[in-house]
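Chains, contacts and geometry: an overview
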Amino acid sequence: MRLIQPQEKDLGGFSVRRVLPARAHRKVGPFVFFDHMGPAELPPGQGIQVRPHPHIGLSTITYLFAGEIMHRDSLGYVQSIRPGAVNLMTAGRGIVHSERAGDDLQSHASLHGIQSWMALPDSDAERDPEFVHYPADQLPRFMLGETQVTVIMGSAYDHTSPVICYLPTLYLEIVVPAGCSINLPEGYQEQAVYVVTGGIELDGVPVAACEMGVVETSEATVSAVNDSRVVVIGGSDPGDRKLWWNFVARDWDRIEQAKSDWKANRFGRVPGETEIIPLPE
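Residues numbered from 1 in each chain as written. Predicted model: local features only at pLDDT ≥ 70, side-chain atom pairs only at ≥ 80, totals over all residues. Heavy atoms only, no water.

1. Observations concerning the overall build of the protein chain
So the rule is basically this: Every helix listed is a DSSP run of H or I at least four residues long, and every strand listed is a run of E at least two residues long, numbered separately from the N terminus. The atom set for the radius of gyration is the C-alpha atoms, and the globule formula is 2.2 Å times the number of residues raised to the power 0.38. For the exposure calls, accessible area comes from a 1.4 Å probe over protein chains only, and a residue counts as buried if that area is under 20% of its type's maximum, exposed if over 50%, partly exposed in between. Contact criterion: two residues are considered in contact whenever any of their non-hydrogen atoms come within 4.5 Å of each other.
Secondary structure summary: the protein chain contains 1 helix and 26 strands in total. Expected size for 281 residues packed as a compact globule is a radius of gyration near 19 Å; at 18 Å, the protein chain falls within 12% of this value. Expressed along its principal axes, the backbone C-alpha trace of the protein chain runs to roughly 55 × 45 × 35 Å. Residues counted as buried form 56% of the 281 residues belonging to the protein chain. Residue pairs in contact within the protein chain that sit at least 24 positions apart in sequence constitute 71% of those at least 6 positions apart.

2. Observations regarding the sheet that holds strand S8 (residues 78-81)
Just so we agree on the cut-off: Here the rule is simple: two strands pair whenever DSSP picks up at least two bridges between them. Lines fitted to C-alpha atoms define the axes here, with helix axes fitted over just the stretch in contact, and angles between the N-to-C directions of these axes take values from 0 to 180 degrees.
Spatial ordering of the open sheet is given by S5-S10-S7-S8, a layout of 4 strands whose pairing is antiparallel. Looking at strand neighbours, the two that pair on one side only are strand S5 (49-55) and S8, the edges of this open sheet. Between one strand axis and the next, the sheet turns through 20° on average, direction left out of account.

3. Structural notes on the sheet that holds strand S23 (residues 221-224)
Spatial strand order, S18-S23-S20-S21: 4 strands in an open sheet with antiparallel pairing. Edge positions in the open sheet fall to strand S18 (181-183) and strand S21 (205-208), since each of these has one partner strand only. Between one strand axis and the next, the sheet turns through 25° on average, direction left out of account.

4. A short note on the packing of aromatic side chains
Filter applied, for reference: Planes of paired rings set the category: under 30 degrees apart is stacked, over 60 is edge-to-face and the rest tilted, where pairs are Phe, Tyr or Trp rings (Trp by its six-membered ring) whose centres lie within 6.5 Å.
Scanning the entire structure with this criterion turns up 11 aromatic pairs. Centroid distance tryptophan 244 to phenylalanine 247: 6.3 Å. Interplanar angle 25°. Geometry classified as stacked. Here phenylalanine 247 falls in the buried class, since its relative accessible area comes to 0%. Ring geometry for tryptophan 262 against phenylalanine 267: centres 5.7 Å apart, planes inclined by 75°, an arrangement best described as edge-to-face. The exposure class of tryptophan 262 is buried, given its relative accessible area of 6%.

Laid out in structure tokens, this is it:
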């Protein structure tokens, strides 16, 4: 097992822990980026305010435990996401979106969740962009003994999520009480367990809150030392991918093209938004 420690960044009022990519482990299956947002309690008038920015070559998936985020994109979608639901945005050849606080901005609000990027396979890297929202009641959520499982993507324990997968992908939320155990599902090339809260042992190795344990076997067991919430990710490796800023591609030439396109305003615009995040120098 490989243990990954996140890099924490203060965004003013709340923290983000970047778990992937890590120096020692760049990706897990198709997951090339994994951010843990919060938990944070935000005073009135404050909240997440991410101006419009571009993506290529990936799908982003947003999943919240608390709070609300308003998604807007260059396809014209405006969609609030709340706990237990999924926002899946597939960039393909290019999309622009913003992420801002929801309708509760003027009141005391919380924010806690995971945002991940999944690299697209070569066959879909330049596909048309797409956005799909899945309400919480569309995701399989069930009990295995005393443990609650939500299948966010893929199939596990005889349940299948409706969320689109471009490669074999696994994404679970598991809430496991102290003293209980659960075996990871079979059939996935690589899996990792991230501890959102609590503390576990992964095949007998301690994994603390805000740490990720990566395993290369589907026979691993999660045992809760404390009441714990964990996220399991995994799936098929898309092959070598280059990452720069918000761009994911197979080669650097495609990254350079995306840079040029953003500088020249050749990406779409988000209706109702007047600001953008400029290309980093």
